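Summary of structural features
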Amino acid sequence: MDIKLMAGRHVLGPNGLPKTISGLDEILQSAAICIGMRKGSLPYDRELGSGLAAWYREERDGEEHPNDRALALANEGLMRLCGVRAVWGEITESGARFRVVTPLGEGEIHIGEL
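Only a predicted model underlies this, so the values are computations on that prediction, with no experimental measurement involved.

The next point concerns the overall build of the chain. What the chain contains, in helices and strands, is three helices and seven strands. Secondary structure of the chain in N-to-C order comes out as β-β-β-β-α-α-α-β-β-β. By the compact-globule yardstick of 13 Å for 114 residues, the chain fits well, its C-alpha radius of gyration being 14 Å. The principal-axis extent of the C-alpha atoms belonging to the chain is close to 50 × 30 × 30 Å. Accessible surface, the chain: about 7100 Å² in total, of which carbon and sulfur atoms supply 50%. In the chain, 13 side chains carry a positive charge and 17 a negative one; their mean positions are 5 Å apart.

Structure (structure tokens):
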């Protein structure tokens with residue numbers, strides 16, 4: 001079980017307490033964090049994250065197959081989540097989106113503001 005996040009903030013329930021998520025929703029939220037966070041940005045865990053944000057900001061212009069590169073970088077970030085992998089990815093105007101397969105099912109995640 002984890003606290004539900006939306007746009008980097010806790011989502012509050014009707015009682016004013018943070019909403020919780022579990023199961024597939026929890027895994028997809030963890031996957032979004034692992035893909036969207038810049039690798040090395042947390043001092044206590046330098047391996048958390050992916051190279052997607054750095055590539056998106058600095059190197060993607062002129063890339064011959066940007067969606068394939070984004071998918072590879074997403075899977076780099078997902079290596080810490082057992083049995084979770086991105087099977088499809090696309091760079092969008094506002095970031096990226098991925099189809100993620102997990103042991104509990106699959107879903108789509110959107111990574112904005114890379």
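As a further point, take unusual backbone geometry. The phi torsion at A7 lies on the positive side, around 55°, for a residue other than glycine. Tracing the sequence through the fold places A7 in the loop between β2 (5-6) and β3 (9-10).

Locating Q29 in the fold gives a position in helix α1 (residues 23-36). On the basis of relative accessible area, Q29 is assigned to the buried category, the value being 12%. If we skip the residues at most four places from it in the chain, Q29 touches D2, I3, K4, L5 and I21.

In this sheet, strand β6 (residues 95-102) lies alongside strand β5 (residues 85-92) in antiparallel orientation, the contact comprising seven bridges. Among the inter-strand pairings, T92 is bridged to a residue of β6, identified as G95. Counting the residues between successive antiparallel strands, the hairpin from β5 to β6 contains two residues. With eight bridges joining them, β6 and strand β7 (residues 105-112) adopt antiparallel strand pairing. Within β7, the residue paired with R99 across the bridge is E108. Between β6 and β7, which pair antiparallel and follow one another directly, the connecting turn spans two residues.

Calculation notes
For every chain, the first residue of the written sequence is number 1, and numbering continues from 1 onward in sequence order. Reporting of local features is limited, given that this is a predicted model, to residues whose pLDDT is at least 70; pairs of side-chain atoms are given and counted only at 80 or more, and all residues count toward the totals for whole chains, interfaces and linings. Side-chain descriptors were evaluated using all non-hydrogen atoms of the structure, hydrogens and water having been removed beforehand. For helices the rule is a DSSP run of H or I covering at least 4 residues; for strands it is a run of E covering at least 2, with both sets numbered from the N terminus onward. In this treatment the radius of gyration is a C-alpha quantity, and the globule benchmark scales as 2.2 Å times the residue count to the 0.38 power. Residue burial considers only the protein chains on display, and all accessible areas are found by Shrake-Rupley using a 1.4 Å probe. The convention is simple: Lys and Arg are positive, Asp and Glu are negative, and His and the chain ends are not counted. To locate a charge, take atom NZ for lysine, CZ for arginine, CG for aspartate or CD for glutamate. Here the term buried applies to any residue with accessible area under 20% of the maximum for its type, exposed to any over 50%, and partly exposed to those in between, with areas from a 1.4 Å probe on protein chains only. Every residue pair with non-hydrogen atoms within 4.5 Å of one another is taken to be in contact. Pairs of strands are assigned from DSSP output, requiring at least two bridges between the strands.

This is a description of form; function is not addressed.
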